[in-house]
Structures are given as C-alpha cells and as structure tokens.
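Commentary on secondary and tertiary structure
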Amino acid sequence: MLINKITSTFGDHSNLIPLFTKDVVNSTGMTAFSYDAGGKIEAKDRFIDEFGTQAIWMGGLPFFKWAFDKTVYKLAKINPDIDVRLLKDKEQLAVAQNYAQKLTSKPHVSESLEHAVQNLAKTKGLFLGKFATATALTLASFFTLVKVKQHYTRKEIEKQFWAKKSEQTFYSDHVAKSPAFKAFSTENNQMKPETVKSKNVSFKGLGSALGEFMFDPVKNLFIVDAGITGERLFNSRTKTEFAETAIKEGSLLFFLYVAGRYVQQGIEKASEHFFKKPIDLHAEVLSSNYMKEAIKSGKVNEDIKAIKDLMNNKKALYEFIYDTNNANNTVIKAAKQSGVIKTIVEGTWLEKLMGKAKNTHIIDPHQYIKACDVNAIADNITKLVKQAPKDEAALEKFLKGCRNMKIGSVAANMGITCLFLGLIVPYSMMKYREKQQNGNKEFHVQSEIEKQLEKNFKGRIA
C-alpha cells in the first residue's frame, strides 16, 4: 500500500525526503513571517535565501556526485556503485565475490567487483575524491548564491530609496510651492507634508566518524548544512541578522538531524510500554503477509534463532545472508524491505527516482551489509513476536494496530517538527527582532542600508 511506503520513507532517518519536507515547511514559514514583518523586499530576500539554498542543499550533492560518476569514474573504469566499506571487510568481501560469481545472468556484477578489488587504492581514492568534490562544490554554489542574493537585495533597497527621494524632491520643489496647493492645504489639513512623509516611511507594500558522514546521505548533508550555517553567520549584514540566523540555523540543525530520531524513539517506546505494540519495524514490514504467516506458523522463531546463532561468526553470518536458499528467512526479508540489505534494482535513474524501477530482490554484492543492523532487525521482530497473540484473528488485528500506530507515530513526529520549524521558530525570530528594535519588526538590513544612503544623500546636497 502507498501509505505504508510513505510511512516507511518518512520514518527512515537515513532518507532525504523527510529532511526536504521539513525544510520546505521551515522555508515557507520563514518567508511568510518575513513578509509580514519587513514587506516585499525582506520576503524576496528570504525567499531567495531559503528556497535557493534548498535547491542547492538537496540537489547539489546528488548532482555533483552524479557528474563525478559519469566523468571521473567512467574514465577510471570503476563502478561507482561499489561501497568501499565492502572492500575493507575481508570476510564479507570474500562471500560477496563468491556470490557475485554465481549470478551468471548478471556477469557484469562480478566483473566490476573483481576490477575494483584489483584496483583497491584507485577505488578508495575515487570515493574520497567524489565525497570531497561534491561537498566542496555544493558549498561553493551556496556561497555564490549568498553574494548574488545580498547584491540583489541591496539594489532593490537602493532603487526604493532613490524613488522615495525623487518623490520627496518633486513634492518640496514643485507641489508644496504651488499657490493652489497652499490654498487647498489651508482648507484641508490632511495633505500636510508631515502626513505625506509619514505615509512614505514604510515600504512594505513595494517590490569512522568521518566515514559515517561519507556513507550516510543525511550525515553527508549535515556537513553541507554546517558549512551553510557558518557562511550565513559569517556574512550576516547586521548584529540582529547574526542573532536571528543563529536562532534559525541552530533550531533547524537540531530538528532536522537530532530531534526527529529521538522523538520517534520516544513514541516507539511509549507505544510498546503503554499499548503493548512494538513499532520499531517499518510499516511495510508490519503489514506484510510474510510476517503474519511467519508469526502464525511459528517459523519466525526459527528464523530469528538462525540469525542470532551466527552473530559471533561474521563470515558464517554473511554466507547465510547471501545464500539464496535462505531468501525466505523472515529477518532477511525484513532487512531487504527496510533497506538494511540492498538489492539490485533495474531501471533508469528517472525510473528509480519515480519508484518505477524493477526490484529483483537479489542481494547486490556491490553493497555493504552492517551485521549490527541485521541484528537490530532480529531484535525488533523478537519484540513484536513476544506481544503477538496466538489466535489468528487477534494476530491480524494486532499487526494492523501496530501498523496504524507506526503511521501515527511518523505523522506525529513530522507534525511536531514542522510545527516548530514552520511556526514557532520563525515567530521566535520575529519576537526577538521586535524586542531588539524596541517594538519595530521592519527589515533591519534595509534600515541599515537606508541609513547609509541617507548619509550619502545629505553629503551630496550639502
């Protein structure tokens, strides 16, 4: 079901889609509050900053990595899909090589893996080069955006300022000296220069540790985000903007990379403790027929034991996982469906992006499998089995309840995060500005630039 797929996607802390969604909400909230406080100029400045950064943030890393794959990797004749962690794990590598050789229908898989093993230093160097290049170019793209945005905003402020001065000069030199105007203004005091001036004050209505970061797309993105935060703070145009940026960026980093995981874990523990419904597994796994049938028949206990008995023997564990005769093991099935064990997916990059590529369910020997993650899947299934009723009808109801609870937990997690990022954080920033500016919420950057222009204007006519 689509809802299960969506829930699994948004509940996956290594998936970029939840981060993208949260950032869209935050960017929309920031832009809306900026328009309310500082008018069109600040709203434009914020819109370019937020959504331009988002395009670079989400598109930069994938694009530059893709370009590196199609150029540098291609010239080096190395398969970019090979996970270099696999090449460092001799036990898993030996099993993966043996498994790849048996995939007679896909000889290129074995050939590319063997070529990478024979060119180990080159393969590792390419991976490190791709990581460093993609990260650096993404940050460079953002730095360019900052300069362009600040230049554009300054030009918009200057344009407004000189339009205002032109209007005021025309008024004082021609309109105010007109006999007809003087006669009219005596009878109707509403057109005093002070009134006109007050109406023109606001212009709102116008115009290893590092290894984890390299292999996890979300953590890789964190490096980019940290660089963006540093650049925004360094290039703050006023003290108030620096403080607002610190509030905004600190909150964003916390809710994107820290809070979501702990909120989800808290909800899952509460579900297990208070409702006796373990929901650590993906929604797709909880609602699968193979899980229901394995629990009903008792096969699940044998499957869990088979994995647990091998946890102290890594080579034997990998041999068991790669063995096609064990493809129906409940833990292995759940690990595949959760993305812990990667499978070969056939299709173009667009088909993969749209979810229309064909999943062969064949383990991809290019990819690294973390034994601890497989063990965690086994533990989560064990918790589920302990709470599951024996009666078939009750079991089906129980699993459906767990699946619905999982959907609710992910929705609650996203809702809490989006509430903070889209409403509370922008509101807090504006309240901070209001406090710092004695009740004035207007765009402080515009005020500072207009003060400089006013000084230059007075110096010009002195």
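Residues numbered from 1 in each chain as written. Predicted model: local features only at pLDDT ≥ 70, side-chain atom pairs only at ≥ 80, totals over all residues. Heavy atoms only, no water.

1. Quick notes on the overall build of the chain
Heads up, the rule is: Helix and strand labels come from DSSP, where a helix needs a run of H or I of at least four residues and a strand needs a run of E of at least two; each type is numbered from the N terminus. Only protein chains enter the accessibility calculation, which uses a 1.4 Å probe; a residue whose area is less than 20% of its type maximum is buried, one above 50% is exposed, and one in between is partly exposed. Accessibility throughout is a Shrake-Rupley quantity obtained with a 1.4 Å probe, and a residue counts as covered only by protein chains that appear here.
Summing up its helical and strand segments, the chain has 20 helices and two strands in all. When burial is assessed residue by residue, the chain has 44% of its 462 residues classed as buried. Of the roughly 24200 Å² of accessible surface on the chain, a fraction of 59% belongs to carbon and sulfur atoms.

2. Here we look at the pattern of salt bridges
Basically, it comes down to this: A carboxyl oxygen of Asp or Glu within 4 Å of a side-chain nitrogen of Lys or Arg is what we treat as a salt bridge.
One pass over the full model with this rule turns up 13 salt bridges. Taking the shortest distance from any N to any O, the salt bridge between Asp309 and Lys305 comes out at 2.8 Å. Several salt bridges converge on common partners, so that one network encompasses Glu272, Asp280 and Lys383.

3. As for helix α19 (residues 392–436)
What counts here: Every helix has an expected span of 1.5 Å times one less than the residues it contains. Axes are fitted to the seven residues ending at a residue and to the seven starting at it; the angle between these axes is taken as the bend at that residue. N or O atoms within 3.5 Å of each other form a polar contact, as long as, within protein, one can give a hydrogen and the other can take it, and as long as residues adjacent in sequence are counted only when both atoms are side-chain atoms.
Helix length check: α19, at 45 residues, gives a terminal C-alpha distance of 64 Å against a target of 66 Å (1.5 Å per residue), a fit within 8%. Roughly 35° is the biggest bend found in α19, and it falls at Phe420. The N-cap of α19, judged by a side-chain oxygen 3.2 Å from the amide nitrogen of Ala393 a few residues on, is Asp391. Trailing α19 by a residue or two, Asn438 shows a phi angle of about 55°, which is positive.

4. Focus on the packing of helix α14 (residues 299–308) against helix α16 (residues 330–338)
Our working definition: As a rule, the C-alpha atoms of each element are fitted with a line to give its axis, helices using only the stretch in contact, and angles between N-to-C directions run from 0 to 180 degrees. Roughly parallel covers angles under 35 degrees, roughly antiparallel covers those over 145, roughly perpendicular covers 65 to 115, and oblique covers all other angles. In what follows, a contact means two residues having at least one pair of non-hydrogen atoms within 4.5 Å. As a working rule, the residues Ala, Val, Leu, Ile, Met, Phe, Trp, Tyr, Cys and Pro are called nonpolar, Asp, Glu, Lys and Arg charged, and the rest polar, with Gly in that last group.
Contact geometry for α14 and α16: axes closest at 7 Å, N-to-C directions at 80°. Between α14 and α16, the angle falls in the class roughly perpendicular. Of α16, the residues touching α14 (which contributes Lys299, Val300, Asp303, Ile304 and Ile307) are Thr330, Val331 and Ile332. A class-by-class count of the residues in the contact of α14 with α16 yields five nonpolar, one polar and two charged.

5. Structural notes on the side chain of Gln97
With respect to the helices and strands, Gln97 occurs in helix α4 (residues 90–101). In this structure Gln97 comes out as buried when scored by relative accessible area, which is 17%. Apart from the residues within four sequence positions on either side, Gln97 is in contact with Leu113, Glu114 and Val117.

6. With respect to unusual backbone geometry
Look at Lys77: it is not a glycine, yet its phi comes out positive at around 60°. Its place among the elements puts Lys77 in the loop between α2 (16–76) and α3 (84–88). Phi angles above zero are rare outside glycine, and Lys276 is one such case at about 55°. Considering the arrangement of structural elements, one finds Lys276 in the loop between α11 (239–274) and α12 (283–286).

7. Section: a nonpolar patch on the surface
Quick note on the threshold: Candidate patch residues must exceed 30% relative accessible area and have no salt bridge, after which like charges are joined if within 9 Å and Val, Leu, Ile, Met, Phe, Trp or Tyr side chains if within 5 Å.
A cluster of nonpolar side chains, Ile416, Leu419, Phe420, Leu423 and Ile424, forms an exposed patch at the surface whose accessible area comes to about 390 Å². Relative to the assigned elements, Ile416 resides in helix α19.

8. Quick word on the packing of aromatic side chains
What counts, and what does not: Paired rings are identified among Phe, Tyr and Trp, the last through its six-membered ring, by centres lying within 6.5 Å, and are further divided according to the angle between planes into stacked (under 30 degrees), edge-to-face (over 60) and tilted (the rest).
Following the criterion strictly, the structure yields eight aromatic pairs and no others. Residues Phe68 and Tyr73 carry aromatic rings whose centres are separated by 6.0 Å and whose planes lie at 70° to one another, so their mutual orientation is edge-to-face. As far as burial versus exposure is concerned, Phe68 and Tyr73 are alike and both buried. Ring geometry for Phe142 against Phe143: centres 6.1 Å apart, planes inclined by 65°, an arrangement best described as edge-to-face.

9. A word on the nonpolar core
This is how it is decided: Think of a nonpolar core as a cluster: buried Ala, Val, Leu, Ile, Met, Phe, Trp, Tyr and Cys residues, connected wherever their side-chain atoms sit within 4.5 Å.
Counting 51 residues, the largest nonpolar core has Ile295, Ile381 and Leu384 as the members making the most contacts within it. Here the element with the most residues in this core is helix α18 (residues 371–387); it accounts for seven residues. Apart from residues no more than four positions distant in its own chain, Leu384 is found in contact with Pro278, Leu281, Leu286, Met291, Ile295, Phe398, Leu399 and Cys402.

10. Describing the confidence of the model for the chain
Rules: Values of pLDDT, the confidence the predictor places in each residue, fall between 0 and 100.
Taken over all residues, the pLDDT of the chain has a mean of 81, while the share at 70 or more is 81%. The element-level mean pLDDT for the chain is lowest in helix α8 (residues 193–199), coming to 41, with α14 highest at 96. Taken as a whole, residues 184–207 scores under 50 in pLDDT and shows 28 contacts with residues more than four places along the chain or in a different chain.

11. Overview of the environment of Ile307
Tracing the backbone through its elements, the reader meets Ile307 in helix α14. Take Ile307: its relative accessible area is 0%, and that puts it in the buried class. Sequence separation between Ile307 and Ala378 is 71 residues, and the spatial gap between their C-alpha atoms is 7.4 Å. Setting aside its immediate chain neighbours within four residues, Ile307 contacts Leu317, Phe320, Asn329, Val331, Ile332, Val374 and Ala378.

12. A short note on the packing of α16 against α18
Applicable threshold: Each helix crossing is assigned a hand: it is left-handed if the near helix lies turned anticlockwise from the far helix by less than a right angle, otherwise right-handed if that turn is clockwise.
Two elements in contact, α16 and α18, have axes whose closest approach is 9 Å; the angle formed by their N-to-C orientations is 115°. Taken together, α16 and α18 sit at an angle that is classed as roughly perpendicular. The chirality of how α16 crosses α18 is right-handed. Contacts between α16 and α18 pair Thr330, Val331, Ala334, Ala335 and Ser338 from the former with Val374, Ile377, Ala378 and Ile381 from the latter. Taken together, the residues of the contact of α16 with α18 sort by class into seven nonpolar, two polar and no charged.

13. Here we look at the environment of Leu421
Secondary-structure assignment places Leu421 in helix α19. On a C-alpha basis, the gap between Leu421 and Ser251 in space is 7.5 Å, while along the polypeptide they are 170 residues apart. Excluding residues within four positions of it along the chain, Leu421 makes contact with Lys22, Asn26, Ser251, Leu252, Phe255, Leu256 and Pro426.

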